[in-house]
Amino acid sequence: MMKLSQKLMISVLGASLLMPTIANAEEAQPTAVTKAADLRANLDYLLSEHFTLAVAAMTTACDGSKDADAAFKALDQNAVDMEPAIASVYGDKGAAEFERIFREHNNYTDDFVKATKENDKEAMAEVDKEVNQFVNEFAKFLSTATEGKLPEDAAKEALRVHEDQVKETFEDYVVGDYEAAAKTYREGYQQMFAISKALSNAIVTQMPDKFDNTKVDTPAADLRSSLNSLAAEHFALATMGMEKGFNGSKDYDYVSWLENANTADFKAAIGSVYGDEGAVQFEKIWEGDHINAQAELVSAQVKGDEAGEKVAKDKLHKFAQEFGTFLGTATDGNLPTADAQAAIKAHEDTVIKTFEEYASGDYAGSYDTYREGYKLMFGVGQALGEAIVKQNPDKFAETAMPTDMPKTGMGGASESTMNPLTAVYIALGSLAVLTAGVILRKKPVSK
Amino acid sequence: MKRGDDVKKAIVLAYCILSLVLLVSGGLYFKEQMVEAKEMKQQNAAKQKEKEAQSKDLKSRVMLEEEFAVLKKHKTEAKQLNKEFKGIIPAKVSIPAIHVEASIEQVGLLDSGEMAAPSTENGVAWFEPGAKPGVKGNAVLAGHVDSKTGPAVFYNLKNLKKDDEITVRDVQGTTLTFVVKRTKSYPRDKAPLNEIFGYSNKRNLNLITCTGTFDRAEGTHQERLVVYTELKADQAKELEREATAPKPPTHVKMSGNLLMWYAVREGNIIGYRIYKKNLGGTFVHIGSVSEFERKSFADSDASQSHYYVTAVNESGKESAPSSIAK
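Residue numbers here run from 1 along each chain, matching the order of that chain's written sequence. Lettering of chains starts at A and numbering of ligands starts at 1, both following the order in which they are written. Given that this is a predicted model, residues contribute local features only at a pLDDT of at least 70 and side-chain atom pairs are listed and counted only at 80 or more, while totals for whole chains, interfaces and linings are drawn from all residues. Think of the side-chain values as coming from all heavy atoms in the structure, minus any hydrogens and water.

This part covers the overall build of chain B. Numbering of helices and strands starts at the N terminus; helices are DSSP runs of H or I of at least 4 residues and strands are runs of E of at least 2. Scanning chain B from terminus to terminus reveals 4 helices and 14 strands. For a compact globule of 326 residues, the expected C-alpha radius of gyration is about 20 Å, and chain B comes in at 34 Å, more than 25% above that figure. Under the scheme applied here, a residue whose accessible area is under 20% of the maximum for its type counts as buried, over 50% as exposed, and between as partly exposed, the area being computed with a 1.4 Å probe on protein chains only. Split into buried and exposed, the 326 residues of chain B put 42% on the buried side. Restricting to contacts in chain B with at least 6 residues of sequence separation, those with at least 24 account for 62%. Per element, the accessible surface of chain B, about 18900 Å² overall, is 53% carbon and sulfur. Here chain B contributes 49 positively and 41 negatively charged side chains, and the mean placements of these two sets differ by 7 Å. What the globule rule says is 2.2 Å times the number of residues to the power 0.38, and the radius of gyration is computed from C-alpha atoms. By definition, residues are in contact when any of their heavy atoms lie within 4.5 Å. Residue exposure ignores everything except the shown protein chains as possible cover, and the areas themselves are Shrake-Rupley values with a 1.4 Å probe. Charged residues are defined here as Lys and Arg on the positive side and Asp and Glu on the negative side; His and the ends of the chain fall outside this count. By convention, the point assigned to a charge is CZ for Arg, NZ for Lys, CD for Glu and CG for Asp.

Glancing now at helix H5 (residues 121-145) of chain A. Residues and elements named next belong to chain A. Under the 1.5 Å per step criterion, the end-to-end length of H5 is 36 Å for 25 residues, consistent within 8% with the ideal 36 Å. What H5 keeps buried is the set Met124, Val127, Val131, Phe134, Val135, Phe138, Ala139, Phe141, Leu142, Ser143 and Ala145. Elements that come into contact with the buried residues of H5 comprise helix H4 (68-117), helix H6 (152-174) and helix H7 (178-206). Within 3.5 Å is the distance limit for a polar contact, defined as a pair of N or O atoms, with the added protein rule that one can donate a hydrogen and the other accept it, and that residues adjacent in sequence qualify only through two side-chain atoms. N-cap assignment for H5: the residue whose side-chain oxygen lies 3.2 Å from the backbone N of glutamate 122 is aspartate 120. Phi for glutamate 147, located one or two positions after H5, is positive at around 50°. An expected span of 1.5 Å times one less than the residue number is assigned to each helix.

Turning our attention to the pairing of strand S9 (residues 250-255) of chain B. Where a strand is regular, its side chains alternate between the two sheet faces. Residues and elements named next belong to chain B. For two strands to count as paired, DSSP must find a minimum of two bridges between them. For S9 and strand S10 (residues 258-262), the ladder comprises 4 bridges, and the chain directions are antiparallel. The residue bridging lysine 253 from the neighbouring strand is methionine 260, located in S10. In this antiparallel pair of consecutive strands, S9 and S10, the connection spans 2 residues, and glycine 256 shows a positive phi of 65°.

Quick look at a nonpolar patch on the surface now. Patch membership needs two things, relative accessible area over 30% and no salt bridge, and members are linked within 9 Å if like-charged or within 5 Å if nonpolar (Val, Leu, Ile, Met, Phe, Trp, Tyr). Salt bridges are counted wherever a side-chain nitrogen of Lys or Arg sits within 4 Å of a carboxyl oxygen of Asp or Glu. Together, Leu20(B), Leu23(B), Val24(B) and Leu28(B) line one region of the surface with nonpolar side chains, adding up to about 420 Å² of accessible area. When you line up the elements, Leu20(B) lands in helix H1 (residues 2-54).

The subject of this paragraph is the packing of helix H8 (residues 219-247) of chain A against helix H12 (residues 363-391) of chain A. Residue and element names in this part refer to chain A. The axes used here are C-alpha line fits, helices contributing only the stretch in contact, and every angle between their N-to-C directions lies in the interval 0 to 180 degrees. It is at 8 Å that the axes of H8 and H12 come closest, and there the two elements cross at 150°. Judged on the interaxial angle alone, H12 and H8 are roughly antiparallel. In this structure, H8 crosses over H12, and the sense of that crossing is right-handed. In these notes the angle categories are as follows: under 35 degrees is roughly parallel, over 145 is roughly antiparallel, 65 to 115 is roughly perpendicular, and the rest is oblique. Crossing handedness follows the turn of the near helix against the far one: under a right angle anticlockwise gives a left-handed crossing, and clockwise gives a right-handed one.

All names here are of chain A. Together, Asp69, Asp110, Asp111, Glu122 and Glu126 make up a negatively charged patch on the protein surface. Taken together, the elements giving at least two residues each to the negative patch come down to H4 and H5. Per element, the largest residue contribution to the negative patch is 3 residues, and it comes from H4. One can find aspartate 69 in helix H4.

Below, the discussion takes up the nonpolar core. Put simply, buried Ala, Val, Leu, Ile, Met, Phe, Trp, Tyr and Cys residues joined by side-chain atoms within 4.5 Å make one nonpolar core. Counting residues in each nonpolar core, the largest one holds 114 residues, and the members touching the most others are Phe138(A), Phe266(A), Phe323(A), Leu327(A) and Tyr374(A). Non-local contacts of Tyr374(A), meaning those with residues more than four positions away in its chain, are made with Tyr45(A), Ser48(A), Glu49(A), Thr52(A), Tyr189(A), Ala232(A), Phe235(A) and Ala236(A). With 29 residues, the next largest nonpolar core counts Val168(B), Leu176(B), Val180(B) and Leu231(B) among its residues.

A word on the sheet that holds strand S12 (residues 283-290) of chain B. Residues and elements named next belong to chain B. Here we have 3 strands laid out as an open sheet, ordered S12-S11-S14, and antiparallel in their pairing. Two strands close off the open sheet at either side, each with one partner strand: S12 and strand S14 (307-313). Across the sheet, the mean angle separating the axes of adjacent strands is 25° when strand polarity is ignored. Two elements, strand S11 (residues 269-277) and S14, share 7 bridges in a ladder whose sense is antiparallel. For tyrosine 272, the partnering residue across the bridge sits in S14 and is alanine 311.

So, on to the packing of aromatic side chains. The geometry of an aromatic ring pair comes down to the distance between the two centres and the angle between the two planes. The pairing test for Phe, Tyr and Trp rings, Trp by its six-membered ring, is centres within 6.5 Å, and the orientation test on the planes gives stacked under 30 degrees, edge-to-face over 60, and tilted for anything in between. Scanning the entire structure with this criterion turns up 35 aromatic pairs over all chains. Note on Phe319(A) and Phe323(A): the rings are 5.2 Å apart at their centroids and 15° apart in plane angle, and the pair reads as stacked. Of this pair, Phe319(A) and Phe323(A) both sit in helix H10 (residues 306-330), 4 residues apart, which is roughly one turn of the helix. Among the residues examined, Phe323(A) registers a relative accessible area of 5% and is labelled buried. Through pairs of rings, three or more aromatic residues link up here, namely Tyr45(A), Phe235(A), Tyr367(A), Tyr370(A), Tyr374(A) and Phe378(A). Here, a charge over a ring is recorded when the distance from Lys NZ or Arg CZ to the ring centre is within 6 Å and its angle to the ring normal is within 35 degrees. Over the face of the ring belonging to Tyr155(B) we find Lys158(B), whose NZ or CZ atom lies 4.2 Å from the ring centre. Directly above the aromatic system of Tyr228(B) lies the positively charged group of Arg182(B), at a separation of 3.9 Å from the ring centroid.

The subject of this paragraph is the sheet that holds strand S13 (residues 296-298) of chain B. Pairing is antiparallel in the open sheet, where 3 strands are placed in the order S9-S10-S13 (chain B). A strand with exactly one partner marks an edge of an open sheet, and here the two such strands are S9 and S13 of chain B. The mean angle between the axes of side-by-side strands here comes to 10°, regardless of whether they run parallel or antiparallel. Across the sheet, helix H9 (residues 252-303) of chain A is in contact with S9, S10 and S13 of chain B; its angle to S10(B) comes to roughly 60°.

Limitation: the analysis is restricted to geometry and does not speak to function.
In structure tokens, the structure reads:
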């Protein structure tokens with residue numbers, strides 16, 4: 001029964017990921033669902049998932065964890081899944097070339113783990129060289145494919161930053177600097193959305209007709225992408241945190257920090273639309289029966305406390321009801337409460353299933369569910385983003401905007417910024433100069 | 001001449017203006033400093049008040065074992081040596097003087113009432129119903145002197161001399177060093193059992209093996225060799241010290257209804273206590289979180305409330321309160 005409703009939700013919410021949207025070019029109302037925004041969301045999904053799986057594959061391989069193989073397979077499957085997205089724009093030939101370069105680069109993760117673990121400098125240099133080659137080759141591919149709309153240098157720079165972030169996250173993890181690893185993880189994750197924006201923008205600029213002349217960087221598309229990023233990051237961190245908690249991993253607490261940071265950003269995003277009160281309300285619902293309940297589920301599982309597990313799961317289902325109601329009310333029904341509740345429940349179900357499959361040793365199943373649950377979040381981001389845009393069309397109207405405020409004044413008739421201590425120094429300095437001037441002046445006079 | 005006067009006048013005027021500026025801005029700066037100092041004083045007074053209040057805070061009366069779940073597999077740190085030390089479950093023994101490195105198994109009594117022997121010739125047995133190494137009393141380890149075919153783990157035990165050292169470790173790496181006091185052989189049935197196994201006000205570890213001639217009729221050696229050792233003086237001294245409290249948790253923050261903090265990573269922490277201010281201004285212990293759990297606590301009614309968190313170590317010592325979160 002649970003499975004059925006879950007599949008249903010995916011087909012409803014995830015529709016835009018699978019089918020092109022019917023765009024209404026003549027309609028002036030802003031929308032988060034355009035062909036361009038869909039492309040961006042699809043790349044958001046695939047590229048950010050690539051990052052989470054790449055780090056998972058490397059850290060599990062390094063620890064010799066039992067789920068290392070499943071993690072790598074999921075990473076490889078993510079690369080395979082990119083092919084249709086590329087083929088829809090550049091045809092089968094382009095997609096095949098994309099896959100060849102991209103899939104190959106996933107293999108470096110394994111070599112890199114081995115080299116780092118054995119502290120083999122030579123092997124490490126070899127991997128660095130391979131990664132460099134990938135950056136150059138892939139940047140060239142992207143630049144050629146987009147006919148220079150994504151300049152080769154810009155592509156190189158973006159890819160370089162990404163590779164460095166994966167590497168840094170992993171290296172910090174290996175030496176046990178979990179705080180630094182956590183920080184870089186978040187930056188690296190967010191960088192994927194920047195890459196996606198640049199790439200989708202280049203594609204849309206190259207083929208405006210194919211995308212009905214819609215743009216990837218409208219305020220509505222930006223909101224959708226932000227919500228996608230926050231929702232999917234939450235899912236990735238929740239499942240990762242639960243597995244770390246289950247294993248008693250040393251970096252469990254640091255994943256908790258990241259979840260807190262994610263919550264703070266989510267709260268700010270909600271606050272930007274619904275004000276402080278809405279943000280506070282969001283946070284209370286989000287953390288109590290949700291983030292904390294997920295942690296309680298882990299603790300109960302670790303202790304073998306079945307009653308505790310049930311209590312935690314009940315809380316998560318209660319959260320789905322509460323949060324769905326919150327979203328339905330906040331969006332004035334633009335996101336119907338029932339739909340929101342069903343979507344959140346589907347999300348909690350994938351979180352629980354990913355964790356329980358992991359705990360029972362079904363790693364392949366766990367990563368499959370992870371990928372399903374990760375994708376689901378992009379449906380949530382779309383549905384919520386579109387509901388917010390429809391509710392507040394003025395906020396998301398596309399208007400010409402300057403990059404900076406005008407400099408409307410020269411400061412002649414205004415108080416300038418100076419603190420008392422600065423005035424003391426200036427006065428003292430002036431006195432000294434003046435005194436010196438007097439002495440120097442007096443000398444010739446006295447002669 | 002006139003021009004010189006003008007210049008002089010200008011200089012004097014400039015001096016006057018600058019002095020005035022200096023006076024005014026200096027005054028402003030001084031005032032700012034005073035305000036800061038006053039704020040600091042107020043803060044300190046508030047802190048002092050808080051401290052006084054905390055000494056009256058309501059603590060839990062639950063047994064430590066009930067309050068915190070401690071997972072064996074997650075504990076990797078060595079135990080602290082202090083008054084709260086309850087001995088170790090020995091896992092490894094090493095005797096450098098006779099090149100012994102052995103694993104330790106736990107044995108009890110046989111139906112006949114004798115201490116069970118180690119199950120392998122290379123292993124050592126710890127008499128589990130007896131004292132744990134490190135506590136006051138006699139902990140006992142036994143090892144075979146030989147097997148049917150040749151020497152076994154304690155073959156060279158007879159060569160130990162006064163002041164030779166024996167170390168035993170538990171799985172968490174707590175290491176205790178014992179020093180040989182004397183060695184003595186007894187006829188099999190004449191060993192002073194009370195002296196070897198009974199209570200002592202010293203922290204002893206006694207090693208037993210067989211010695212003498214093998215009595216084929218009885219199927220055992222005729223004598224028993226006992227090596228009496230005592231915990232090294234510096235460690236014994238450490239065990240007389242009061243247990244120290246761990247450091248309090250940092251980064252305690254309230255976010256929505258969720259109280260969060262950073263874990264305390266040193267000092268064998270087994271969990272955290274959460275205190276909430278009640279209407280009377282007293283802080284009351286409202287919940288505990290075990291070490292392996294998420295470092296957060298959800299309170300359904302957190303508005304207008306104040307909280308602090310403490311860390312608790314395996315000795316049951318509680319840290320000072322963290323900063324107050326509200």
